[in-house]
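Each chain, written out:
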Amino acid sequence: MTTIRLHNTRTRQKEVFEPLDPANVRMYVCGPTVYDRAHLGNARPVVVFDVLYRLLRHVYGADHVTYVRNFTDVDDKINARAAESGRPISAITAETTQWFLDDMAALGALEPDHMPRATQYIPQMVAMIEALIAAGHAYVAEGHVLFAVESYADYGRLSGRTVADMIAGARVEVAPYKRNPMDFVLWKPSGDDLPGWPSPWGRGRPGWHIECSAMSHELLGESFDIHGGGGDLIFPHHENEIAQSRCAHPEGDFARYWLHNEMLQVEGKKMSKSLGNFFTVRDLLDQGVPGEVIRFVFLSTHYRKPMDWTAEKAREAERTLRDMHRVLARMLPHVVPQPENVNDYFIDALASDMNTHEYIKHLHGFLSLAEDEDVVDRFAAAQALADALAFLGLFNLEFARSDIPVFDPEKLQRLALRLSELREAAKKKKDFSDVDEFKDKLKANGVEVRMSKAGVELVPGPDFDPAKLEALK
Ligand code: AMP
Ligand code: ZN
């Protein structure tokens, strides 16, 4: 069996992955708060953990993996959205949940086995909070229930901080009823205008962290294998989940391997509305960027490195996917993708802490083999390429069929270089027929040719057609 190695945030080391039960490998990933369209950064953990899910299913069998990703459908941001729009909360969360599912499906992400919504698990949260109070890990103060961080000696282990460091560094909500400023809310009171449920502490609603502890316990048990999310969740969200779950179920380990993806940036800057570089997955899809292209760009950077989204990377990814599918399309019907047969080169790359960068290098390797007329078994290479594209959710023959080509500014530069080389050669042999012929071809494709002593410049003219230009070498 393939040995999978994963970097565990808890130990800060790559470890051999050994599931508690190979017949039921269990993974929990924190999902979105549903009040708006998912932005591009939100999609990164979805794609990253989708790759891990595919790998686990391949190694342990599709029926032997349980993947849970939640929807946070009770949250103050949702309440605020409802208040400002005048729409009911349930309408907002239902709509946004469906948007999320549609957008992530467009990125080729498989649906998890369970997608629990927080509001469906309120009784389990209440029960867990009661257990925490009974065990002396939580206390009631002014209608709130708070977790007492000093009652859990390992608080801070995951993020490697002490409670004193945290107090110094964090912007914590200072509330007079907290025994320690780092104590966090398990339950808070709701007025009549806010969503609320009956509880032993009065009508109220849960804090954010308790939902993941309650839902993962209900669906995966008190010990499970993998817990994932974006790196921004390590503190406080995951630290708090650990404290709650370990204290409510001291006989369990909670999650054994903690995986976190690094953040996504746009053109080298943090994505933010004020910088004008904030966009949603849907914005990109509506602009005609195929989901596979977004996926390919994401996977070209290792999940533990910051990922920089750039328009140039998207164009490059689209060109690559086109090159690959055009080669495959020429070999149809001999090549039909069979993702379950994916070559071990690819699985080994993923088994090494999800080295998707390496996986993509192998794709390029097999593309070169499949393109090379001199390679004896080009069909086998093409088959391996098709299998591996399909395995990672990147196979789509539309890339070969589409006649809307990608505009490639570098293509014009390459053609300009070719023209100046022809000109140099022509000067030597005093015969400019090659140059003239090439110039005519360019002009026929709507490219304006400007030649001077200083060099050659090619400018797209009004009849410019990048599709025809593709054929020019
Ligand atoms: P939220 O809805 O803000 O709780 O975020 C949902 C998921 O998206 C979490 O796993 C976050 O860690 C992740 N996330 C949010 N922003 C980014 C970003 N810029 N890059 C990568 N992941 C992000
Ligand atoms: Zn969570």
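For clarity, every value in this text was computed on a predicted model and none was experimentally measured. (Residues numbered from 1 in each chain as written. Chains lettered and ligands numbered in written order. Predicted model: local features only at pLDDT ≥ 70, side-chain atom pairs only at ≥ 80, totals over all residues. Heavy atoms only, no water.)

Enquirer: Could you give an account of the site of ligand 1, with specific residues and numbers?
Expert: In the region of ligand 1, 14 residues are neighbours, and Gly41, Asn42, Gly230, Asp232 and Leu264 sit closest. Considered on its own, ligand 1 offers 490 Å² of accessible surface; in the complex 83% of this is hidden by protein. If you tally residues by element for the shell around ligand 1, the top one is helix α1 (residues 40–60), at three residues. Among the residues forming the shell around ligand 1, the class breakdown is six nonpolar, six polar and two charged. (Near = heavy atom within 4 Å. Areas by Shrake-Rupley, 256 points an atom, 1.4 Å probe, with all protein chains shown as cover. Helix = DSSP H or I, 4+ residues; strand = E, 2+ residues; numbered from the N terminus. Nonpolar A, V, L, I, M, F, W, Y, C, P; charged D, E, K, R; others polar.)

Enquirer: Hey, could you go over a negative patch on the surface for me, with residue numbers and the actual values?
Expert: Negative charge collects at one region of the surface, where Asp323, Glu371, Asp372 and Asp374 lie side by side. Counting through the fold element by element, Asp323 comes out in helix α10 (residues 311–331). The partly exposed category is assigned to Asp323, whose relative accessible area is 38%. (Patch = residues over 30% accessible without salt bridge, like charges linked within 9 Å, V, L, I, M, F, W, Y side chains within 5 Å. Salt bridge = Lys/Arg side-chain N within 4 Å of Asp/Glu carboxyl O. Lys, Arg positive; Asp, Glu negative; His and termini not counted. Charge placed at Lys NZ, Arg CZ, Asp CG, Glu CD. Buried < 20%, exposed > 50% of the residue type's maximum accessible area, 1.4 Å probe, protein only.)

Enquirer: Provide a residue-level description of the sheet that holds strand β6 (residues 144–147), including the pertinent values.
Expert: The strands making up a sheet are joined through hydrogen bonds of the backbone, oriented either antiparallel or parallel. Strand order in the open sheet formed by four strands is β5-β6-β7-β8, with antiparallel pairing between adjacent strands. Each having just a single partner strand, β5 (138–141) and β8 (204–206) make up the two edges of the open sheet. Taking each pair of neighbouring strands and ignoring which way they run, the sheet shows an average axis angle of 20°. For strand β7 (residues 184–189) and β8, the ladder comprises three bridges, and the chain directions are antiparallel. Its bridge partner lying in β8, Trp187 is registered against Pro206. Across the sheet, helix α4 (residues 122–134) is in contact with β5, β6, β7 and β8; its angle to β7 comes to roughly 120°. (Pairing = 2+ DSSP bridges. Axes fitted to C-alpha atoms, helices over the stretch in contact; angles between N-to-C directions. Contact = heavy atoms within 4.5 Å.)

Enquirer: Can you break down helix α16 (residues 433–444) residue by residue, with the values?
Expert: The end-to-end C-alpha distance of α16, which contains twelve residues, comes to 16 Å, matching closely the 16 Å that a straight helix rising 1.5 Å per residue would cover. Taken together, the buried positions of α16 are occupied by Val435, Phe438 and Leu442. One side of α16 holds all its buried residues, which, seen down the axis, span an arc of 70°. A positive backbone phi angle near 80° is found at Gly446, which sits one or two residues after α16. (Expected span 1.5 Å × (residues − 1). Arc of directions from axis to C-beta.)

Enquirer: Outline the environment of Pro250, listing residues and values.
Expert: Relative to the helices and strands, Pro250 resides in the loop between α7 (234–248) and β10 (254–261). Of the residues examined, Pro250 reaches a relative accessible area of 53% and is grouped as exposed.

Enquirer: Break down the pairing of β6 for me, with residues and values.
Expert: Taking every second residue as pointing to the same face, both faces of β6 are buried, with His144 and Leu146 on one and Val145 and Phe147 on the other. Sheet topology places β5 next to β6; four bridges connect them, and they run antiparallel. Note on β6: the bridge partner recorded for Ala138 is Phe147. In textbook terms, the turn of a hairpin is the stretch between consecutive antiparallel strands, and for β5 and β6 this stretch comprises two residues, one of which, Glu142, has a positive phi near 50°. As paired elements, β6 and β7 share three bridges and run antiparallel to each other. Each residue of the ladder has a partner; that of Val145, found in β7, is Trp187.

Enquirer: Hey, could you go over the domain arrangement of the protein chain for me, with residue numbers and the actual values?
Expert: With domains assigned, the protein chain is organised as domain 1 (17–261), domain 2 (288–401) and domain 3 (410–469). For domain 1 and domain 2, the distance between their C-alpha centres works out to 34 Å. Taken together, the contacts link 18 residues of domain 1 with 25 residues of domain 2. Summing both sides of the interface, domain 1 and domain 2 together bury roughly 1700 Å²; the carbon and sulfur share of this comes to 72%. (Domains from an automatic or database assignment. Buried area = accessible area lost by both parts, 1.4 Å probe.)

Enquirer: Help me get a handle on the coordination of the zinc ion (ligand 2), residues and values and all.
Expert: The coordination sphere of the zinc ion (ligand 2) contains the protein donors Cys30 (SG), Cys212 (SG), His237 (NE2) and Glu241 (OE), at a distance range of 2.0 to 2.4 Å. Metal-centred angles of 76 to 130° between the four donor atoms at the zinc ion (ligand 2) mark the site as irregular. All donors to the zinc ion (ligand 2) come from one chain, and their sequence spacing reads C-x181-C-x24-H-x3-E. Placement of Cys212 in helix α6 (residues 208–220) and of Glu241 in helix α7 is noted, with a sequence separation of 29 residues between them. Glu241 carries the same exposure label as Cys212, and that label is buried. (Donors = N, O, S within 2.8 Å, 3.2 Å for Na, K, Ca; no water. Tetrahedral: all angles 85-135°; square planar, octahedral: opposite > 155°, others 65-115°.)

Enquirer: Quick one: what's the story with α7, residue by residue and with numbers?
Expert: Here α7 is 15 residues long and its end C-alpha atoms lie 20 Å apart, about the 21 Å a rise of 1.5 Å per residue gives. With 13 of its 15 residues buried, α7 lies for the most part within the structure.

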